[in-house]
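Okay, here's what each chain looks like letter by letter:
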Amino acid sequence: MKRVYLDNAATTPLDPAVIAEMTNVMENYFGNPSAIHALGREVRTLVEKARKTVAGLLGASPSEIFFTSGGTEADNTAIRCGISAYGIKHAITSKIEHHAVEHTLNMMLKDGQIDKLSFVNIDEKGNVDYAHLEELLQNNERTFVSLMHANNELGTLTDMQKVGDICEKYNAIYHADTVQTMGHYPHNVRELKAHFIVCAAHKLHGPKGVGFLYVNSNIKIPPMIYGGAQERNMRGGTENVYGIVGLAKALEMAYEDMEAHQNHIQGLKDYLKEQLIAEIPGISFNGETDADKSLYTVLNVSFPEMDMADMLLFNLDINGICASGGSACSSGSNIGSHVLNGINADPNRPSVRFSFSKYTTKEELDYVIEKVKMVVKQNALA
């Protein structure tokens, strides 16, 4: 059976060049990078070379890059350690953030580590109300702001420059969850004014289990993981050397081919959107879909009401289409997608997130359109 992978926002396939780079390290370099002997020093050189590569791509200093196990750890470190280091009692976020942010801040509020958690208003497309953000910051206390660059379910983009300017005006600490956009857009940390940005390598054709946290040199935070002097005393534990090398290679390749990949993927997204509108009456979309307002790798489709709506993803799967999705909450027992709930999406309409990569082809989308039409027709309300 033909299988089409359109769940790249969840994870991406490894690039062969990344596999080759990692395999070389696995086969030829096994020393502990903390060891002082020659075998350890050569592995330490690989880690620091990767750090310099990442820093150079972001316009950062190598001393501002800390390798982690992925985006979740990076988000947790920025939030927990950033708030703790400065005794911050007020945090601002939105109700459509990734759970790595939302759950962390809610737990800190519950545990009394912060006294107040404010939610900036968002509209029905997931856009941040910047005027409301400024209102929330108009006090005499230093505040922590955590807002993602692109929503992982909707694709709606937040203007990082505007958020950074507002945070700078009120001396707030700004953490941007850039997991979905790292490697897809250029991030120049000297212009963005974000104190923290993050990466998960598996979102950009790198390996799982590795990422990084950028910490602006003006911010000093304690470690979240203790146990050793690794990462300049900021993260205990022997480094994931193969993963770090793979991350740096994946990010380097992403920056080299960024414009070409963006043009290719944006064209596919626009094509799928146009075909779905033409072929399925009543189709609509969650979040922004215009190129200047939306992450080009994500299209969240809101399907018309249908029989067996909760089986839509399963029916796509048995037809060889790998995607993700959900629905808004329709009852107290149906949790649904917190993102779709956050934008007040219609709970009676099933939603599917199609997400693309540089490997996605137009021929695959033609197959998807054919099968989606069939499934929708089979389950149409009488």
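Our subject in this report is the structure included herewith. (Residues numbered from 1 in each chain as written. Predicted model: local features only at pLDDT ≥ 70, side-chain atom pairs only at ≥ 80, totals over all residues. Heavy atoms only, no water.)

This next bit is on empty space enclosed by the protein. Throughout the structure, instances matching the rule amount to three cavities of 30 Å³ or more. Taken as a whole, the largest cavity spans an internal volume of roughly 210 Å³. Taken together, 22 residues make up the lining of the largest cavity; nearest its centre are Gly183, His184, Lys203, Leu204 and His205. At the level of elements, α9 (241–256) and α10 (258–279) are the ones that each hand at least two residues to the lining of the largest cavity. Looking at the lining of the largest cavity residue by residue, the class counts come to 10 nonpolar, nine polar and three charged. (1 Å grid on protein atoms, 1.4 Å probe; cavity = no way out; pocket = protein on both sides within 12 Å on 5 of 7 lines; lining within 4 Å. Points joined across faces, edges and corners; volume = space filled by probe spheres on them. Helix = DSSP H or I, 4+ residues; strand = E, 2+ residues; numbered from the N terminus. Nonpolar A, V, L, I, M, F, W, Y, C, P; charged D, E, K, R; others polar.)

As a further point, take the pairing of strand β2 (residues 65–68). Two faces make up the sheet, and in a regular strand the side chains alternate between them. The alternating pattern of β2 places Ile65 and Phe67 and Phe66 and Thr68 on opposite faces, both of which are buried. In terms of strand pairing, β2 meets strand β8 (residues 211–215) through four bridges, oriented antiparallel. By the bridge assignment, Phe67 is partnered in β8 with Phe212. (Buried < 20%, exposed > 50% of the residue type's maximum accessible area, 1.4 Å probe, protein only. Pairing = 2+ DSSP bridges.)

This structure, assessed with the given rule, holds 14 salt bridges. A salt bridge links Glu73 to Arg235; the shortest N-O distance between them is 2.5 Å. Note that Glu73 is positioned in helix α3 (residues 71–85) and Arg235 in the loop between α8 (230–233) and α9, a separation of 162 residues in sequence. Since its relative accessible area comes to 9%, Glu73 is described here as buried. Of the charged contacts, one joins Lys193 and Glu168 as a salt bridge, the two residues approaching to 2.9 Å between their closest N and O atoms. On the criterion of sequence distance, the pair formed by Lys193 in the loop between α7 (189–192) and β7 (196–200) and Glu168 in helix α6 (residues 160–169) is long-range, its members being 25 residues apart. The class of Glu168 is exposed, set by a relative accessible area of 52%. Through salt bridges with shared partners, a single network forms among Arg44, Glu48, Arg51, Glu231 and Glu239. (Salt bridge = Lys/Arg side-chain N within 4 Å of Asp/Glu carboxyl O.)

Strand order in the open sheet made by the seven strands is β2-β8-β7-β6-β5-β3-β4, with mixed pairing throughout. Strand pairing shows two members of the sheet lacking a second neighbour, β2 and β4 (116–119), which therefore form its edges. Strand after strand, the sheet turns through a mean of 20° between neighbouring axes, direction not considered. Both strand β3 (residues 90–93) and β4 contribute to a ladder of four bridges, which runs parallel. Bridged to Thr93 within β4 is Phe119. This element, α3, spans β2, β3, β5 (143–146), β6 (173–176), β7 and β8 of the sheet and lies at about 160° to β7. (Axes fitted to C-alpha atoms, helices over the stretch in contact; angles between N-to-C directions. Contact = heavy atoms within 4.5 Å.)

The analysis is restricted to geometry; functional conclusions fall outside its scope.
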